[in-house]
Amino acid sequence: MKSNLYPKSPLLENYNFISPSPQFRKSVSAVIFSVLLFLMFYIILVVLAGGIMFLSVWAGISLITAKPSFITLAAGAGIIVFGLMLFIFLFKFIFSKNRNDNPLRIEVKESEHPELFAFIRNLNNDTKTKFPKKIFLSPEVNAMVFYNSSFWSLFFPVKKNLEIGLGLVNTLSISELKAALAHEFGHFSQRSMKIGSYIYTVNRVIYNLVYDYDNWDNALHGWAQTGGVFGFFAGITFWLVERVRGLLKIAYNLININYMKLSREMEYHADLMAVSVSGNKSFRDALRKLEFSAFSYNYTTTYLNSLASESKASSDIYSNHSYTTSFLAIQNKMTVKDGFPIITDKNLENSIVKSRVNIKDQWASHPTLKERENNISQVNIEAEVNERSAWEIFTDADSIKKDVTQNLYRVGFPDIEFTDLNQEEYQNFVQHEINKYKISEDYNGFYEGRYLSQLNIEALIALTTTQSFDEVYSMETVESIKRLESNKIDLEILKQIVLKQIPTKYFEFDNKKYKRKEANSLIISLKKEIEEEEVFVINADKNAFIYNYQRALHANKQKELEQLYYNYFNVTGIIKSIDKLNSNFENFTKKLYSQTRWTDDGIKQLAAELSSFEKQFKDFLKVQDIEKLLLNINSEENRELLKSYNSSVNYHSKISFFDEQAFLSISNLINITSQAIGAWYGSSLKKLTDFQLNLYTHREGNLKGDSIPQQL
């Protein structure tokens, strides 16, 4: 291994802080207790199912022997199979296997990357864990220890594999990568932690029983297709099993709430294990970089997908990822050092949506970043830091970058011939995409994250204001606008608490604890606040228009400004309409996928709902300026798809039966339309705000220096 690449782990006098905490032990006890309760419930079901199977076999044989005929043979066989299938259902999990497959993974060998394998061996020694069975590389920003599990994993140990996402490597230093990998090994570092792995397997087994539809369900479906007297009992079996599944789901959810608590405690422990070998700084910096890097990776792949539609492909997505990360970091006012963003407490504070409602998410498997940083702050460990790029532990890093990139394109675009995309083309594309709808910072965010108030332009053009640019677009005004938008979100959260759509008995509002039944009184008071704030924001929008109209009058461009506002309000109305359609379609999609199997009547209802929705969508398109929509679609294929659909009198869906391909086609068309309208909206707002600033281009100085006269 290259000298000095693996940072030495600190030698500590006291390792008590990585011992299981009282909260961890409490969570383990709660999960074990809930599993035991589930087991008792399950045994009762097995006994009942065994009794039903015995009676079914006896009744079926008795019926056949009492009066042999084709009908009694079919009925008797149906009764027997009913009992057998019900009993087998409760044991089918024994044969299920959870495979963790990912076609984007590439296995690497020690002969190819000896430095990487030596690095991991050193880390295994420090964390007292076993070396992975296999090591894989994947494109994403992640690292994980994974394995294929089944019921038999409870009794026979399963060797674990390590996956390293190269997006992670692309972002971190050597010390930070050590910290990230140490966290993954930390889950299996102590005997007491292994119970977490055991409980995970138990949880997965129960999940398979409750939620997975497999060969047993396929056999039941095939039985039902036979029809007649024999097939009739398949319907009875299906009905009864769905009732049993419903009971098991309730029991499983009770286990899962406790399991999620334990999962969060396991994350805390793994974090402390990582700190014990890498120090606070490296692990904290890795945590912060990971979130931002994943954010920029998603942008990178989105941009590359757009370019792929033009048959252009990158040979190294990690050079693209690095550029996107730096570009977005600068856009978000972060310091960039050696291509890496330095994420400060202030950066984090600015990125958090400030909500007055605080709810403990009992279904979250991971704590928040703030909670994790608070957890590791209980210790202060300094360790050797190696700030060199994590790529240095790979042999021929450029080659592996290209291999993983080629595999990514091969899986995602198997039938497309690409031309090479150079870095300059990519950078120009990113800059264009990010700046395309970017509103000038001179406005301090006045126009961002909301729709402008609907204004009566004709009534406002006769009014004047003495406010300056800095007063119209002051930070105080913008903060008030943001507070209104935040309060609207909080109001919806409170409504969901009241309706029990958010399952919680307690919550905090303005740092004070409340019971769910007290949410109604908070809703009333918050509505009053919102009403007052809305009046303020409407007046702020009026003042902004009046101010800019005065400037437009001075430049003899008032009609152009009026038209830009009318265009903006027009597209705002359209985007609100498509938002409503999207919401309805999202609800339909949730309903569709809420069950893996549907009855015949259920399928007919789905078909009718999809057909009704498609008619609404067609009616929506009929009243739109289709040419404007098409202008805002980048892909020629998508333009032709929407144009052809709009001009056709045919519908994809049929009211008589549910067609999954029709559902997917409609979903795609709605997505294309929504993106086009979103681009149209962004373009109209950009044109409006740029036009307002361009009214002052003949004047020298910075706008925020208030070189603009207060009144004409």
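Before reading on, note that the structure itself is shown above.
In this report, the structure presented in the accompanying data block is examined. Here the structure is a predicted model, which is why all the values come from computation and not from measurement.

### Some details on the environment of Leu 369
Structurally, Leu 369 is set in helix α12 (residues 369-376). Note on Leu 369: relative accessible area 13%, which makes it buried. Setting aside residues no more than four positions away along its own chain, Leu 369 makes contact with Leu 287, Arg 288, Glu 291 and Leu 348.

### Quick notes on the packing of aromatic side chains
Across all of its chains, the model carries 42 aromatic pairs by this definition. Consider the rings of Phe 292 and Phe 295, whose centres lie 5.7 Å apart with planes at 45 degrees: the pair is tilted. With Phe 292 and Phe 295 both in helix α9 (residues 280-308), this residue pair falls three residues apart, about one helical turn. For Phe 292, a relative accessible area of 8% corresponds to the buried category. Ring centres 6.1 Å apart and planes at 50 degrees place the aromatic pair Phe 588 and Phe 663 in the tilted group. Of this pair, Phe 588 sits in helix α19 (residues 558-592) while Phe 663 sits in helix α23 (residues 660-694), placing them 75 residues apart in sequence. An aromatic cluster is built from Tyr 451, Phe 545, Tyr 549, Tyr 565, Tyr 568, Phe 569 and Tyr 681, whose rings are joined through pairwise contacts.

### Quick look at the pairing of strand β6 (residues 161-165)
Burial analysis of β6 places five of its five residues in the buried class, the great majority of the element. Side chains of β6 alternate between two faces, with Asn 161, Glu 163 and Gly 165 and Leu 162 and Ile 164 buried alike. In this structure, strand β3 (residues 135-138) lies alongside β6, joined through four bridges in parallel fashion. Paired with Ser 138 across the bridge in β6 is Gly 165. The sheet contact formed by strand β4 (residues 143-146) and β6 spans four bridges and is antiparallel. Across the sheet, Val 145 pairs through a bridge with Leu 162, a residue of β6.

### Quick word on the sheet that holds strand β2 (residues 106-108)
Ordered by their spatial adjacency, four strands build an open sheet running β2-β3-β6-β4, and the pairing between neighbours is mixed. Two strands close off the open sheet at either side, each with one partner strand: β2 and β4. On average, each strand axis in the sheet is tilted by 30 degrees relative to the strand beside it, whichever way the strands run. Of the strands in this sheet, β2 and β3 touch helix α13 (residues 397-412), which is tilted by about 155 degrees from β2.

### Thoughts on the pattern of salt bridges
Where charged atoms from two side chains of opposite charge come close, those side chains can pair. Enumeration over the complete set of coordinates arrives at 28 salt bridges. As a salt-bridge pair, Glu 110 and Arg 121 come within 2.7 Å of each other at their nearest N and O atoms. Within this pair, whereas Glu 110 is found in the loop between β2 and α3 (114-127), its partner Arg 121 is found in helix α3, the two being separated by eleven residues in sequence. Exposure remark for Arg 121: the relative accessible area of 35% places this residue in the partly exposed category.

### Describing a nonpolar patch on the surface
Residues Ile 32, Leu 36, Leu 39, Ile 43 and Val 47 make up a contiguous nonpolar surface patch of roughly 440 Å² in combined accessible area. Secondary-structure assignment places Ile 43 in helix α1 (residues 22-66). Using a relative accessible area of 46% as the deciding quantity, one classes Ile 43 as partly exposed.

### A closer look at the environment of Arg 264
Following the sequence through the fold, Arg 264 ends up in helix α8 (residues 228-278). The sequence separation of Arg 264 and Arg 99 amounts to 165 residues, and the corresponding C-alpha distance is 24 Å.

### Considering helix α14 (residues 423-436)
Taking 1.5 Å of rise per residue, 14 residues should cover 20 Å, and α14 covers 20 Å from first to last C-alpha, within 8% of that figure. Those residues of α14 that sit buried are Tyr 426, Phe 429, Val 430 and Ile 434. Along the axis of α14, the buried positions cluster into a sector of 120 degrees, meaning they face one direction only. Packed against the buried residues of α14 are α9 and α10 (317-331). Two to three positions downstream of the cap, the backbone nitrogen of Glu 424 sits 3.1 Å from a side-chain oxygen, assigning the N-cap of α14 to Asn 422.

### Some remarks on the sheet that holds strand β12 (residues 506-509)
As summarised here, the arrangement of the three strands in space is β10-β12-β13, forming an open sheet in which the pairing is antiparallel. Among the strands making up the open sheet, the edge pair consists of β10 (357-358) and β13 (512-515). Here four bridges tie β12 to β13, and the two strands are oriented antiparallel to one another. Bridging across to β13, Tyr 506 finds its partner in Lys 515. Packing of helix α18 (residues 519-554) onto the sheet brings it into contact with β12 and β13, and relative to β12 it is tilted by some 25 degrees.

Rules used throughout
- Residues numbered from 1 in each chain as written.
- Predicted model: local features only at pLDDT ≥ 70, side-chain atom pairs only at ≥ 80, totals over all residues.
- Heavy atoms only, no water.
- Helix = DSSP H or I, 4+ residues; strand = E, 2+ residues; numbered from the N terminus.
- Buried < 20%, exposed > 50% of the residue type's maximum accessible area, 1.4 Å probe, protein only.
- Contact = heavy atoms within 4.5 Å.
- Phe/Tyr/Trp six-rings, centres within 6.5 Å; stacked < 30°, edge-to-face > 60°.
- Pairing = 2+ DSSP bridges.
- Axes fitted to C-alpha atoms, helices over the stretch in contact; angles between N-to-C directions.
- Salt bridge = Lys/Arg side-chain N within 4 Å of Asp/Glu carboxyl O.
- Patch = residues over 30% accessible without salt bridge, like charges linked within 9 Å, V, L, I, M, F, W, Y side chains within 5 Å.
- Areas by Shrake-Rupley, 256 points an atom, 1.4 Å probe, with all protein chains shown as cover.
- Expected span 1.5 Å × (residues − 1).
- Arc of directions from axis to C-beta.
- Polar contact = N/O pair within 3.5 Å; in protein donor to acceptor, adjacent residues only side chain to side chain.

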